[in-house]
Amino acid sequence: MTWRWLTRYLLGLAVLFSLAMLYVNSLYINPQQHSEIINDFRSLKQLSTRINLQLLKVRYRLVQNYDGLVRMLASIEHTHRHLAAILHQSRLSNEAVFRQLERLEKNYTRQRNMLEKFKSTTAVLNNSLHYLPTAAQELTATISPLKKNFSLIYKIHKLERQALNYVLTGNNESRAQGLALLASLADKHKSKTGPDDNIQNFLQHLRLIFSQKPIVDEALNALLNLPTATLINELYSTYTEQYQQASKQAETYRLILYIASIILLVDSVWVLLNFTRTARKLKSTIQELHYQKKALDQHAIVTIADKDGNITYVNEKFCQISKYNNTELLGKNHRILNSGTHPPDFFKNMWQTISNGEVWHGIICNRNKQGDHYWVDTTIVPFVDDSGEPYKYVAVRTDISQLKLIQQELIQYRNELEDRVADRTATLQEAVRELEAFSYSISHDLRSPLRAIDGYSHILTEDYANSLDSEAQEYLKRIRHNAQFMGSLIDNLLRLSHIGRMKLQRSCVNPGKLCLQLMDKHLDAHAQRKIEFICHPVPDIEADPEQLKLVLDNLLVNAIKFSDKQHPIIEFGLDHSTQPPAFYLRDNGVGFNMAYYGKLFGIFQRLHRVDEYDGAGVGLALVERIIKKHGGKIWAQSQEGKGATFYFTLAGC
Amino acid sequence: MFLSKGFVGRRSFKLPHYLVLWLGLLPALFHPCLADHDPELEPLQVIKPAASLDDDKVTLGSRLFNDTRFSADNSLSCASCHDLNSNGADRNRFSLGIDNKPLSVNTPTAFNSSRNAPLFWDGRALDTEEQIDFVVYSAQEFNTDWPTIVSKLSKDADYLRSFRAIYGRPPDRNTIIDALAEFEKSLITPGSRFDQYLLGQHDILTEKEKRGYLLFKSYGCIACHQGQNIGGNMLQKFGTFRDFFSQRRQISKADLGRYNVTGEPADKHVFRVPSLRLVVLTPPYFHDGSAKTLEEAINVMARYQLGRKIPQQDVDNIIAFLHTLPGQYKGRSLAIDHGQPAGDSRP
């Protein structure tokens, strides 16, 4: 794109340059000046011929005055001055032209002087020629024919003829004869008085004619031989040469100009076509924009404001929602819609954003003409000029008053709900606390009568053993046994409730190591059973060590209790197949029926008879409670007779 | 030769070139052959008013002609010496120049002077333009220069307006001279009785006057005093047959005539032949005003220029002829001044 503009500029410059050169050259070839110069040359040539012709006419008395000569001379002078002035002005003139012009001027000065001489000498000759007939007539009149002076009269007339002949033809014979006759007559009539004086006077004029004629002819010939025509032709050809050279040069520039113009023209046409295409594109774009605007207007509330926030455009939707009409809004500031809902900082922030040229998005509560509030989801887009300064703002809004209403209702509902839940939770918590306190107090309070039953039964057995038969003693034994069982039940209950109230004290602990410690104790206790314990290494976890110990111990006790009587195998590890990974403890004991899985973690629930396996049925309930307190999960998988696997996770692993 | 070359050669532009030349020459070649009685061939010619004069320039020129701001001391105008109310000259032997000092030659009339060439007694000016220059710079006459004159005239609002209207610029040497020259072209005295005679009214002249004309021709006066101005268009030595100045006790510089211009010995005592159009109105005569009357002048001319003596009767006839020459200026016959100098007789 840029190189094309560059070439266009260069082309423009080329055209301008050629124009300038052409102009400068056209100064050299000013056609009007040229035609004037040519005209002057022609006039001068004509005049040089005409003046020669006139000279001949004057000389041979075809014209008897000098007015024509004087006029022609003035014409020559005038034309020559004009030509010289133009040539001095003309840029075509060079040294040669000036030199030749000077020579021509000198020639004309000579011509002028020679012409004056010609006129003077011709006048002298003409004077005598004019007078000659009169003089001859007067002379012959004075000569008395009676004195037989016919020969004198004849001679006078002959002389007159010879002189005229000589003057008109230049016949040298006439001159010789005339001069001879003149001399002889002059000799004869030397006296200064009388008729001789008249004769002398006559002869004087004759002599003058004979002597003046060559002078006149010389002056004439000198004038005719002036190289005026040659000089004019020389000057003319020098000038023409210069002119042709200049015009050839101008022709070259003109050619360049033509070429450049054609290229420029093609370029202009191309640009024009481009413009048309762009205009068409622009038109369709505008139309599209128009439709887009229409679509926008159908959906959104649109206003346009100038940089001070004064409204310059509102669409129909806006009028509908604001209840103002078009004319009421145009030119007004957006502030008239301010509902006062938002703090001043809200709008300050908005103006800061959009005056920086950034798009602002937010929800505004406005007030319509009737004072009602409405909510609009607003996007303000600043239009920035080249310097980045916004010059207008387009605000597109969506009416969200309905949404806002629903939202408010929803919040209200939620708050109400939350309040209710809190109430109930509080009641529930109170109930639980009361229950716990109750169970604690019951179990605690139950222990003393139990202790009394057991104690008194024992005393009875000890102190009255002889007085009681064996059957009574057996009953007493059973009483004591049940009392002790109930005591252990109460203990377990107490422990359970105690665990429920205990706070968790997490620290880093390794369940694997804990298992091994616990197992050592149990292995000692069941040394005769040859239990195989497999403990896989597991990572450390965050948990309450005492409680975890309880969990593991319970599970281990169960595993040992229910494991294979022949060859018990207990395995502890971390199962990575679950998500999150769960610890597991597996045994190969009796297992349980999954149908009773629901009862597995219930308190005082037993899946086996007491006489088969002892236990209070509190262990797994306790375990589940601790695991849940840790935020973990516990579950089990088993098949009757094929052992069971307990899995558990602990949050914070 | 030119014709054949032109036609046969058919060389692009040379054809019209020579044709023009020939077309120009043809009438000139045939003209004299046809015109034995052509009035143009007469030694004396009818004087015609100048064709196509610019009236505004003439009016402006007339103002300038009478403007005394031309001279250094604002005392003299052109009209001071060339009084158009009488004869276009004055009656004195020498007009009074600047500081009232007499000039060295007699003032010739301004009437018909635009048809004279060269100008001045010694023919030092080729045309009116040069002539005005000489007068402006002459120490005896205006004794000033153009910048002074132009600055003086430029202060005149009327002039400024006129020059602007006519020439489109304020007055300067060229425009002032042009206006004056245009005015001088208007100073023509056509319609004389002699001109009417030349135009064919043969009975308008009396016998005596016709006789005078014939004598004027036959005595040879016509050799120099020819053309429309009856002289004024050539130079001639004063004293062709005899030395006019030999009897003078003292020869002034002005007496040397054209010699003062060219410096050539042959030009000693050569003067411009004066026009005889208004000769009867403009005594005294000759460059030095030495001839107080026409009679005296004619006798001097006959003796020194024509080499003969003219009888008194012929002189009278010639004078009668000379009286037919003055025409009219602005439709009014030029009157002879009432204070007639002695010897100026009328037929």
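Residues numbered from 1 in each chain as written. Chains lettered and ligands numbered in written order. Predicted model: local features only at pLDDT ≥ 70, side-chain atom pairs only at ≥ 80, totals over all residues. Heavy atoms only, no water.

The number of helices and strands found in chain B is 13 helices and 4 strands. Across the 347 residues of chain B, 51% fall into the buried class. Excluding contacts between residues fewer than 6 apart, the proportion of contacts in chain B whose partners are at least 24 apart in sequence is 65%. By element, 54% of the accessible surface of chain B is carried by carbon and sulfur atoms, the whole surface being about 16700 Å². (Helix = DSSP H or I, 4+ residues; strand = E, 2+ residues; numbered from the N terminus. Buried < 20%, exposed > 50% of the residue type's maximum accessible area, 1.4 Å probe, protein only. Contact = heavy atoms within 4.5 Å. Areas by Shrake-Rupley, 256 points an atom, 1.4 Å probe, with all protein chains shown as cover.)

For the rest of this paragraph, the subject is the overall build of chain A. Assigned secondary structure in chain A consists of 16 helices and 12 strands. Taking all 653 residues of chain A together, 39% fall into the buried category. Sequence separation of at least 24 residues holds for 65% of the intrachain contacts in chain A that already meet a minimum separation of 6. Total accessible area on chain A is roughly 38200 Å²; 56% of this is exposed by carbon and sulfur atoms.

Rolled over the atoms, a probe sized like a water molecule indicates the empty space that remains. The tally for this structure, following the rule as stated, stands at 2 cavities of 30 Å³ or more. What lines the largest cavity is a set of 43 residues, and nearest its centre among them are H225(B), P274(B), L276(B), F286(B) and M301(B). For the lining of the largest cavity, the secondary structure elements donating two or more residues are α4 (95-142) of chain A together with β1 (235-237), β2 (270-272), α12 (294-306) and α13 (312-322) of chain B. Considering each element in turn, the lining of the largest cavity owes the most residues, 6 residues, to α12(B). Each residue belonging to the lining of the largest cavity can be placed in one class, and the counts come to 28 nonpolar, 13 polar and 2 charged. Each of domain 1 (7-48 + 190-333) and domain 2 (55-185) of chain B gives at least three residues to the lining of the largest cavity. By volume, the second largest cavity amounts to about 60 Å³. Forming the boundary of the second largest cavity are V58(A), R61(A), V63(A), Q64(A), N126(A), H130(A), P43(B), I222(B), A223(B) and Q226(B). (1 Å grid on protein atoms, 1.4 Å probe; cavity = no way out; pocket = protein on both sides within 12 Å on 5 of 7 lines; lining within 4 Å. Points joined across faces, edges and corners; volume = space filled by probe spheres on them. Nonpolar A, V, L, I, M, F, W, Y, C, P; charged D, E, K, R; others polar. Domains from an automatic or database assignment.)

Of all hydrophobic cores here, the largest spans 145 residues; its most connected members are L64(B), I176(B), F216(B) and L322(B). Two domains each provide a minimum of three residues to this core, namely domain 1 (7-48 + 190-333) and domain 2 (55-185) of chain B. When residues no more than four places from it in sequence are discounted, the contact partners of L322(B) are F216(B), L276(B), V279(B), V280(B), L294(B) and I298(B). Residues V509(A), A543(A), A559(A) and L585(A) belong to the second largest nonpolar core, which totals 39 residues. (Core = buried A, V, L, I, M, F, W, Y, C linked by side-chain atoms within 4.5 Å.)

As a working rule, side chains carrying opposite charge can pair if their charged atoms are close by. Residue and element names in this part refer to chain A. Applying the stated criterion across every chain yields a total of 34 salt bridges over all chains. Close ionic contact of R480 with D454 constitutes a salt bridge, the shortest N to O distance being 2.9 Å. One end of the pair, R480, is in helix α13 (residues 470-501); the other, D454, is in helix α12 (residues 401-463), with 26 residues separating them in the sequence. A residue is classified by how much of its surface remains accessible, and R480, at 22% relative accessible area, is partly exposed. A relative accessible area of 18% means that D454 is categorised as buried. (Salt bridge = Lys/Arg side-chain N within 4 Å of Asp/Glu carboxyl O.)

Here we come to the interface of chain A and chain B. Listed per partner, the contact involves 34 residues of chain A and 39 residues of chain B. Here chain A and chain B share an interface that buries about 2800 Å² over both sides, 57% of which is from carbon and sulfur atoms. Taken together, the connections running from chain A to chain B amount to 2 salt bridges. Taken together, the links from chain A to chain B amount to 15 residue pairs in polar contact (both at pLDDT 80 or more). Elements that contribute at least two residues to the side of chain A that touches chain B include exactly α2 (31-59), α3 (67-89), α4 and α7 (194-224) of chain A. For the side of chain A that touches chain B, the element with the most residues is α4(A), which contributes 14 residues. A class-by-class count of the residues in the side of chain A that touches chain B yields 9 nonpolar, 14 polar and 11 charged. (Buried area = accessible area lost by both parts, 1.4 Å probe. Polar contact = N/O pair within 3.5 Å; in protein donor to acceptor, adjacent residues only side chain to side chain.)

For the rest of this paragraph, the subject is the packing of aromatic side chains. The geometry of two aromatic rings is summed up by the distance between their centres and the angle between their planes. For the structure shown, the criterion picks out 35 aromatic pairs over all chains. Site record: aromatic cluster; members linked through ring pairs are F238(B), F244(B), F245(B), F271(B), F286(B) and Y304(B). Positioned above the aromatic ring of Y166(A) is the side chain of K213(A), whose terminal nitrogen or guanidinium carbon lies 4.8 Å from the ring centre. Here the guanidinium or amino end of K404(A) rests over the ring plane of W375(A), the centre of that ring lying 4.5 Å away. (Phe/Tyr/Trp six-rings, centres within 6.5 Å; stacked < 30°, edge-to-face > 60°. Lys NZ or Arg CZ within 6 Å of the ring centre and 35° of its normal.)

Residue and element names in this part refer to chain A. Strand order in the open sheet formed by 5 strands is β2-β1-β5-β4-β3, with antiparallel pairing between adjacent strands. Of all strands in the sheet, those with a lone pairing partner are β2 (311-314) and β3 (360-367), marking the two edges. Going from strand to strand, the sheet's axes swing by 30° on average, the running direction of each strand aside. Both strand β4 (residues 373-384) and strand β5 (residues 390-399) contribute to a ladder of 9 bridges, which runs antiparallel. Each bridged residue has a counterpart across the sheet, and for V384 the counterpart in β5 is P390. Here helix α8 (residues 228-299) sits on the sheet in contact with β1 (301-306), β2 and β5, set at roughly 115° to β1. Contacts from helix α11 (residues 344-355) reach β3, β4 and β5, with the element oriented near 135° to β3. (Pairing = 2+ DSSP bridges. Axes fitted to C-alpha atoms, helices over the stretch in contact; angles between N-to-C directions.)

Quick look at the packing of helix α5 (residues 150-169) of chain A against helix α6 (residues 172-188) of chain A now. All names here are of chain A. Contact geometry of α5 with α6 gives a least axis separation of 9 Å together with a crossing angle of 145°. Where α5 crosses over α6, the handedness of that crossing is left-handed. Contacts between α5 and α6 involve L152, K155, K158, L159, Q162, N165 and Y166 on the former and, on the latter, N172, S174, R175, Q177, G178, L181, L182, L185 and K188. Grouping the amino acids of the contact of α5 with α6 by side-chain chemistry returns 6 nonpolar, 6 polar and 4 charged. (Left-handed = near helix turned anticlockwise from the far one by under 90°.)

All names here are of chain A. Along the chain, the position of T79 falls in helix α3. Given a relative accessible area of 10%, T79 falls into the buried group. In sequence terms T79 and F41 are 38 residues apart; their C-alpha atoms lie 8.5 Å from each other. Those residues in contact with T79 that lie beyond four places of it in its chain are D40, S43, L44 and L47. Looking at T79, its side chain comes within polar contact range of the main-chain oxygen of S75, at 2.6 Å.

Bringing the packing of α4(A) against α8(A) into the picture now. Residues and elements named next belong to chain A. Between α4 and α8, whose axes approach to 10 Å, the crossing angle comes to 160°. By the angle between their directions, the pair α4 and α8 is classed as roughly antiparallel. Note that α4 runs across α8; the crossing there is left-handed. From α4, A96, V97, Q100, L101, R103, L104, N107, Y108 and Q111 reach across to α8, where they touch T228, L231, I232, E234, L235, T238 and Y239. Counted by class, the contact of α4 with α8 contains 9 nonpolar, 5 polar and 2 charged residues. (Parallel < 35°, antiparallel > 145°, perpendicular 65-115°, else oblique.)

In short, the description is geometric, and any link to function would need to be established separately.
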